[in-house]
Amino acid sequence: MKDMLKAPFLTEMIRTQTNMYAHGWDERNGGNISLLLDEKEAAEYVNVNKVIRAIPTGFSQPELNGKYFLVTGTGKYFKNAQYTPETDLGLIRLADGGQTAELLWGFEDGGRFTSELPAHMMSHAARLKVCPENRVVLHCHPTNILAMTFVHTLDEREFTRTLWRMCTECIMVFPDGVNVLPWMLCGTNEIGAATAEKMKTARIVVWAQHGIYGAGRDLDEAFGLIETVEKAAEVYLKIAHLPRLNTLTDEQLKIMEKGYGVKAREGYLD
Ligand code: 2HA
Ligand code: ZN
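Here we summarise the structure given alongside this text. What you see is a predicted model; the values in this text were computed from it and never measured. (Residues numbered from 1 in each chain as written. Chains lettered and ligands numbered in written order. Predicted model: local features only at pLDDT ≥ 70, side-chain atom pairs only at ≥ 80, totals over all residues. Heavy atoms only, no water.)

### Notes on empty space enclosed by the protein
Cut-off, in case you're wondering: Both cavities and pockets are sets of points on a 1 Å grid over the protein atoms alone; in a cavity a 1.4 Å probe fits but cannot get out, in a pocket the set is open with protein on both sides within 12 Å along at least five of seven lines, and lining residues sit with an atom within 4 Å of a point. Grid points are joined across faces, edges and corners, and a volume is the space filled by probe spheres set on the points. Only Asp, Glu, Lys and Arg are considered charged, only Ala, Val, Leu, Ile, Met, Phe, Trp, Tyr, Cys and Pro nonpolar, and every remaining residue, Gly among them, polar.
All told, the structure shown has 1 cavity of 30 Å³ or more when counted by the stated rule. When its volume is computed, the largest cavity comes out at roughly 30 Å³. Forming the walls of the largest cavity are Gln17, Asn29, Gly31, Thr72, Gly73, Lys76, Phe78 and Asp88. Along the lines of polarity and charge, the residues of the lining of the largest cavity split into 1 nonpolar, 5 polar and 2 charged.

Set out below in structure tokens:
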């Protein structure tokens, strides 16, 4: 068995958490990440026949039965993952149609997976249907996106159009736009199901007055997606109260669409 602490997927996870903390997106225990692993990949580092603990999840997700995930722990601080990965992270396998998480590594202090596991697992199931290569669901609290949900309409088309206009490459990075959930209590199956529903049509779901969810094929892609949305929100907040002398027009957004070879969300450009 290889050393888990040297597994590239674990190193990459810790690096991402550390970077997210440094960006100010994950204060205290804010944020959570889940990374889908191949069974073969997991089996190099853990004994897949040795379940340490079986933890009820409180939801069912039969499509993900038997799947392996590296997940962040509830109550754990992203800033500390680099020092105490074996308590702050866990490798789980879903069983009983998703109703049980079998712990194969980690959470060594008796801890468990993130309180947002329903939103993560339901979102994985939704994204895998659209993009079979999807591996990552990532949640955090970026300051500018969060602030924007207090002063901008939550209409998804308008929210997306505002962000697309803030930097020339936005439409290339998230042509599918940004979906938005009105405020809901977090950590529940209800917000999980609502997030997954929104994940059917976009890789970004903003939780009003809370934060953001991003999905991607790897950690870098999901991180870069959120980074781009957050940058656009920052530009918006810097200029929203100032007279606008110049802007990006729908004509220019259409030129970018052609130039980058992407397809903007249907009906989102005039
Ligand atoms: O786990 O971010 O949404 C902390 C959170 C909950
Ligand atoms: Zn949160």
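Still more ground to cover, so stick around.
### Describing the pattern of salt bridges
Note the cut-off: For this document, the term salt bridge refers to a Lys or Arg side-chain nitrogen within 4 Å of an Asp or Glu carboxyl oxygen. Every helix listed is a DSSP run of H or I at least four residues long, and every strand listed is a run of E at least two residues long, numbered separately from the N terminus. Think of it in three bands: with a 1.4 Å probe and only protein chains considered, a residue is buried below 20% of the maximum accessible area for its type, exposed above 50%, and partly exposed in between.
Tallied over the entire structure, the rule returns 17 salt bridges. For Asp250, the salt bridge identified is with Arg161, shortest N-O distance 2.7 Å. Residue Asp250 is found in helix H10 (residues 250-260), and its partner Arg161 is found in helix H6 (residues 156-164); the two are separated by 89 residues along the sequence. Like Asp250, the residue Arg161 is buried in the burial classification.

### Some thoughts on the coordination of the zinc ion (ligand 2)
Four donors placed tetrahedrally around a metal ideally meet at 109.5 degrees, and six donors placed octahedrally ideally meet at 90 or 180 degrees. Formally: Only nitrogen, oxygen and sulfur atoms within 2.8 Å of the metal, or 3.2 Å for Na, K and Ca, are treated as donors, and water is left out, so sites may look incomplete.
Looking at the metal site, the zinc ion (ligand 2) is ligated by His139 (NE2), His141 (NE2) and His210 (NE2), spaced 2.0 to 2.1 Å from it. Residue His139 is classed as buried on the basis of its relative accessible area, which comes to 1%. On the accessibility criterion, His141 (14% relative accessible area) is buried.

### Points about the nonpolar core
What counts is decided by this rule: To qualify as a nonpolar core, a set must consist of buried Ala, Val, Leu, Ile, Met, Phe, Trp, Tyr and Cys residues joined through side-chain atoms within 4.5 Å. Whether two residues are in contact is decided by their heavy atoms: any pair within 4.5 Å suffices.
With 54 residues, the main nonpolar core has Phe9, Leu70, Leu91, Leu163 and Trp164 as its most contacted residues. Excluding anything up to four places from it in sequence, Leu163 contacts Ile145, Met148, Cys170, Phe174, Val178, Val229, Ala232 and Ala233.

### A word on helix H5 (residues 143-151)
The condition that has to hold: Working definition: the arc comes from the directions between the helix axis and the C-beta atoms, pointing outward to the latter.
Taken together, the buried positions of H5 are Asn144, Ile145, Met148 and Thr149. Along the axis of H5, the buried positions cluster into a sector of 145°, meaning they face one direction only. Away from its buried face, by an angle of more than 90 degrees, H5 presents the exposed residues Phe150 and Val151. Packed against the buried residues of H5 are H6, strand E8 (204-207), strand E9 (211-216) and helix H9 (219-239).

### A short note on the sheet that holds strand E6 (residues 136-140)
Our working definition: A pair of strands counts as paired when DSSP detects no fewer than two bridges linking them. Here, axes are lines fitted to C-alpha atoms. For helices the fit covers the stretch in contact, and angles between N-to-C directions go from 0 to 180 degrees.
The strand order E2-E5-E4-E3-E1-E6-E9-E8-E7 describes an open sheet built from 9 strands, whose pairing is mixed. In the strand order of this sheet, the two ends are held by strand E2 (53-56) and strand E7 (178-181), each with one partner. Neighbour to neighbour, the strand axes of the sheet diverge by 25° on average, direction disregarded. Bridge count between strand E4 (residues 89-95) and strand E5 (residues 100-106): 6 bridges; the pairing is antiparallel. Among the inter-strand pairings, Ala95 is bridged to a residue of E5, identified as Thr100. Strands strand E1 (32-37), strand E3 (68-72), E4, E6, E8 and E9 of the sheet are contacted by helix H4 (residues 117-130), whose axis makes an angle of about 45° with E1. Strand contacts of helix H8 (residues 189-199): E7, E8 and E9, with the helix running at about 160° to E7, the strand carrying the most contacts.

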